[in-house]
Amino acid sequence: AGLAYSGVDFSRPTSTSLWVFGLRSTSVDRSNLAVFNGGAGPVTVRITLFSGSGDGRSVVFREAETVEPLGWIQYSRLLDEVQMQNAYALVQRVSDAGFFSAYGVVNDNVTNDGSFLLPSFDLFAGTTLTVPVLVESSLYRSELVLANRGSEPRTLAMTYVESIASEKGQSFEVVQALRPGEQLLVADAMEYLREHGAVLG
């Protein structure tokens, strides 16, 4: 199995703003951002990058990028251009009309394997999100991305529920504070939970 992409239904109105979290540029990984147009007319978008280090820095990466009908544009290693190592992107439609979506890719600098970053919509109603699966095996680890795009500090309470080991059904809570604008890239989610007090099978 390789990299999988979700389909986008352009027969319905699309959001005017999308967020792509999890971008990074390190000695291990590099990131790309792509914007595409599924409509019959052009669409113009603005792309803003926000530093995930919690320093409050943001950069307008593209003020007005026009994507032609059925067009696709990829920005390779875009964080190198703005000298950020940890960031997330806001893609906003600035034209009066048009259909667009966006996604990110994180590529391994050694193997060139890619990980797909789904976009998030601008509006979120509720206080809870569910991550359905975390993996830990001899070959694979799950990464966890925690982000606070707000202007105030936030504290996240994460409840892990064991589903496979003999202690199935046990739950553990881990609390993580995030500064305004901070994005935390957790390379090994299961080990992170252990380090913060969860007793995992």
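Remember, it's a predicted structure, so these values are computed and weren't measured experimentally.

Visitor: I tried to follow the overall build of the protein on my own but got confused; where do I start?
Guide: The secondary structure content of the protein amounts to two helices and 13 strands. Computed over C-alpha atoms, the radius of gyration of the protein comes to 18 Å, within 12% of the 17 Å expected from 2.2 N^0.38 for 201 residues, which places it in the range of a compact globule. Taking the principal axes of the C-alpha coordinates as reference, the protein spans close to 55 × 40 × 40 Å. Across the 201 residues of the protein, 38% fall into the buried class. Put simply, 72% of the contacts in the protein that link residues at least 6 apart link residues at least 24 apart. Carbon and sulfur atoms provide 52% of the accessible area of the protein, an area that totals close to 11,600 Å².

Visitor: Would you explain the nonpolar core in this entry?
Guide: Among soluble globular proteins, nonpolar side chains are generally buried collectively. Leu33, Val35, Ile47, Leu49 and Val91 are the most contacted members of the largest nonpolar core, which totals 23 residues. Ranked by the residues each element gives to this core, the list is headed by strand β3 (residues 43–51), at four residues. The residues touching Val35, leaving out its near neighbours within four places in the chain, are Val45, Ile47, Val67, Gly71, Trp72, Ile73, Tyr75, Val91, Phe100, Ser101 and Ala102.

Visitor: Before we go on, may I ask you to explain the sheet that holds strand β1 (residues 17–24) in this structure?
Guide: To summarise the sheet geometry, strands pair through backbone hydrogen bonds and adopt either a parallel or an antiparallel arrangement. A sheet is described by the order of its strands in space; here five strands give the open sequence β4-β3-β6-β1-β9, paired in antiparallel fashion. Every interior strand has two partners, whereas the edge strands, β4 (58–67) and β9 (120–121), have only one. Judged from the seven bridges that link them, β3 and strand β6 (residues 86–93) form a sheet pairing that is antiparallel. When the bridges of β6 are listed, Phe50 appears paired with Tyr88.

Visitor: Would you take a moment to explain the sheet that holds strand β8 (residues 114–117) for this structure?
Guide: On the basis of which strands lie adjacent, the open sheet formed by four strands has the order β5-β2-β7-β8 and antiparallel pairing. The open sheet has two edge strands with one neighbour each: β5 (72–76) and β8. Going from strand to strand, the sheet's axes swing by 20 degrees on average, the running direction of each strand aside. In this structure, strand β7 (residues 101–108) lies alongside β8, joined through four bridges in antiparallel fashion. Bridge pairing in β8 places Asn107 opposite Gly114.

Visitor: Quick question: what am I supposed to make of a nonpolar patch on the surface here?
Guide: A cluster of nonpolar side chains, namely Val133, Val135, Leu139 and Tyr140, defines an oily patch on the protein surface of about 440 Å² accessible area. The exposure class assigned to Tyr140 is exposed, which follows from its relative accessible area of 55%.

Visitor: Whenever I open this one, the side chain of Ser101 confuses me. Can you help?
Guide: Assignment of secondary structure puts Ser101 in strand β7. A residue is classified by how much of its surface remains accessible, and Ser101, at 7% relative accessible area, is buried. Leave out the neighbours within four places in its chain, and Ser101 touches Val8, Phe10, Leu18, Ala34, Val35, Phe36 and Pro119.

Visitor: For this particular structure, what's the right way to read unusual backbone geometry?
Guide: Trans peptide bonds make up most of the peptide bonds, and negative phi angles are found at most residues other than glycine. Of note, the phi angle at Arg77 is positive, near 50 degrees, even though the residue is not glycine. Mapping Arg77 onto the fold places it in the loop between β5 and α1 (78–82). The phi angle at Asn112 is positive, at roughly 65 degrees, despite the residue not being glycine. Classification of Asn112 by relative accessible area gives partly exposed; the value is 48%.

Visitor: What is the right way to read the side chain of Ser142 from this model?
Guide: Locating Ser142 in the fold gives a position in the loop between β9 and β10 (144–147). A polar contact of 2.7 Å, which involves the side chain of Ser142, links it to the backbone nitrogen of Val135. Residues contacting Ser142, with those up to four places away along its chain left out, are Val133, Leu134, Val135, Val186, Ala187, Asp188 and Ala189.

Visitor: Whenever I open this one, the environment of Arg30 confuses me. Can you help?
Guide: Its location among the elements puts Arg30 in strand β2 (residues 29–36). Residue class for Arg30 comes out buried when judged on its relative accessible area of 15%. Spatially, the C-alpha atom of Arg30 lies 17 Å from that of Leu144, the residues being 114 residues apart in sequence. Not counting residues up to four positions away in its chain, the partners in contact with Arg30 are Arg24, Arg77, Val105, Val106, Asn107, Asp108, Asn109 and Asn112. Looking at Arg30, its side chain comes within polar contact range of the main-chain oxygen of Asp108, at 3.3 Å. Within the structure, Arg30 has its side chain in polar contact with the side chain of Asn109 (distance 3.1 Å).

Rules and cut-offs
- Residues numbered from 1 in each chain as written.
- Predicted model: local features only at pLDDT ≥ 70, side-chain atom pairs only at ≥ 80, totals over all residues.
- Heavy atoms only, no water.
- Helix = DSSP H or I, 4+ residues; strand = E, 2+ residues; numbered from the N terminus.
- Rg over C-alpha atoms; globule rule 2.2 N^0.38 Å.
- Buried < 20%, exposed > 50% of the residue type's maximum accessible area, 1.4 Å probe, protein only.
- Contact = heavy atoms within 4.5 Å.
- Areas by Shrake-Rupley, 256 points an atom, 1.4 Å probe, with all protein chains shown as cover.
- Core = buried A, V, L, I, M, F, W, Y, C linked by side-chain atoms within 4.5 Å.
- Pairing = 2+ DSSP bridges.
- Axes fitted to C-alpha atoms, helices over the stretch in contact; angles between N-to-C directions.
- Patch = residues over 30% accessible without salt bridge, like charges linked within 9 Å, V, L, I, M, F, W, Y side chains within 5 Å.
- Salt bridge = Lys/Arg side-chain N within 4 Å of Asp/Glu carboxyl O.
- Polar contact = N/O pair within 3.5 Å; in protein donor to acceptor, adjacent residues only side chain to side chain.

Don't take any of this as a statement about function, it's just geometry.
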